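Structural characterization, general
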Amino acid sequence: GKESVDGGITKEAFISVIDEVVLHIQGHDHHRGLSLEEQHMQLHEVFNTFDKEHKGVVQLGVLSTGLHVILEGTEEEKIDFAFKGLDHNGDGMITKEEFLTFFKHYFMAKCSIESTTLSEERWKAISNH
């Protein structure tokens, strides 16, 4: 896909860039023993945290600020960032729907990486617990 769209970066470009940076910094033995699929699943979730409007593109300024918090922020800043990533409507609370949205994105990314599917029936079973 396109690497950038109107001053933003696509998910595919984001994952490709992070892979290159980590490989350059840590060599071939990177990501603390995680498989490539697990690494990419984590990167999908990081990207989705920034992609609030689910357009598949994140503005570079938003990405830069968020990555700075993740990499160099205090524990409190990281917790606040994670909370805001789940609190889609910005009301200061994480609803069941917001929590389930996060997990649905997680499962969708996992299925995409593993070339499997998440059926509507399976998702309903998961979300009804």
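Residues numbered from 1 in each chain as written. Predicted model: local features only at pLDDT ≥ 70, side-chain atom pairs only at ≥ 80, totals over all residues. Heavy atoms only, no water.

**Describing the overall build of the protein**
Across its full length, the protein holds six helices and three strands. Reading the helices (α) and strands (β) of the protein from amino to carboxyl end gives β-β-α-α-β-α-α-α-α. Out of the 129 residues in the protein, the part that is buried amounts to 29%. Of the contacts made within the protein by residues no fewer than 6 positions apart, 52% connect residues no fewer than 24 positions apart. Summed over its atoms, the accessible surface of the protein is roughly 8900 Å², and 56% of this surface lies on carbon and sulfur atoms. (Helix = DSSP H or I, 4+ residues; strand = E, 2+ residues; numbered from the N terminus. Buried < 20%, exposed > 50% of the residue type's maximum accessible area, 1.4 Å probe, protein only. Contact = heavy atoms within 4.5 Å. Areas by Shrake-Rupley, 256 points an atom, 1.4 Å probe, with all protein chains shown as cover.)

**Regarding the nonpolar core**
Of all hydrophobic cores here, the largest spans 10 residues; its members are I9, A13, F14, I15, I18, L43, F47, F50, V58 and L63. Of all elements in the fold, only α1 (11-26) and α2 (36-50) reach the threshold of two or more residues within this core. At four residues, the largest contribution of residues to this core is made by α1. With residues near it in sequence (within four places) discarded, F47 still touches I9, T10, K11, F14, G56, V57 and V58. (Core = buried A, V, L, I, M, F, W, Y, C linked by side-chain atoms within 4.5 Å.)

**Examining α2**
Along its 15 residues, α2 runs 21 Å from first to last C-alpha, staying within 8% of the 21 Å computed at 1.5 Å per residue. Buried within α2 we find Q39, H40, M41, L43, H44, E45, F47, N48 and F50. (Expected span 1.5 Å × (residues − 1).)

**A short note on the side chain of D87**
Tracing the backbone shows D87 in the loop between α4 (75-86) and α5 (96-114). Overall, D87 belongs to the buried group, its relative accessible area being 8%. Polar contacts involving the side chain of D87 include one to the main-chain amide nitrogen of G92, which spans 2.8 Å. With near-sequence residues (within four places) excluded, D87 lies in contact with K52, G92, M93, I94 and E98. (Polar contact = N/O pair within 3.5 Å; in protein donor to acceptor, adjacent residues only side chain to side chain.)

**Quick word on the environment of F83**
When you line up the elements, F83 lands in helix α4. The class of F83 is partly exposed, set by a relative accessible area of 30%. Note: C-alpha distance between F83 and M93 (10 residues apart in sequence) is 8.6 Å. Not counting residues within four places of it along the chain, the set of residues in contact with F83 comprises G92, M93 and I94.

**Focus: the packing of helix α3 (residues 60-72) against α4**
The N-to-C vectors of α3 and α4 enclose an angle of 135 degrees; their axes lie 8 Å apart at closest approach. The angle between α3 and α4 falls in the class oblique. Read as a crossing pair, α3 and α4 show a hand that is left-handed. For the pair α3 and α4, the contacting residues are G66, V69 and I70 in the first and E77, K78 and F81 in the second. Taken together, the residues of the contact of α3 with α4 sort by class into three nonpolar, one polar and two charged. (Axes fitted to C-alpha atoms, helices over the stretch in contact; angles between N-to-C directions. Parallel < 35°, antiparallel > 145°, perpendicular 65-115°, else oblique. Left-handed = near helix turned anticlockwise from the far one by under 90°. Nonpolar A, V, L, I, M, F, W, Y, C, P; charged D, E, K, R; others polar.)

**A look at the packing of aromatic side chains**
Following the criterion strictly, the structure yields two aromatic pairs and no others. Pairing F50 with F81 gives two aromatic rings, centres 5.5 Å apart and planes at 50 degrees, and the pair type is tilted. Residue F50 is located in helix α2, and its partner F81 is located in helix α4; the two are separated by 31 residues in the primary sequence. (Phe/Tyr/Trp six-rings, centres within 6.5 Å; stacked < 30°, edge-to-face > 60°.)

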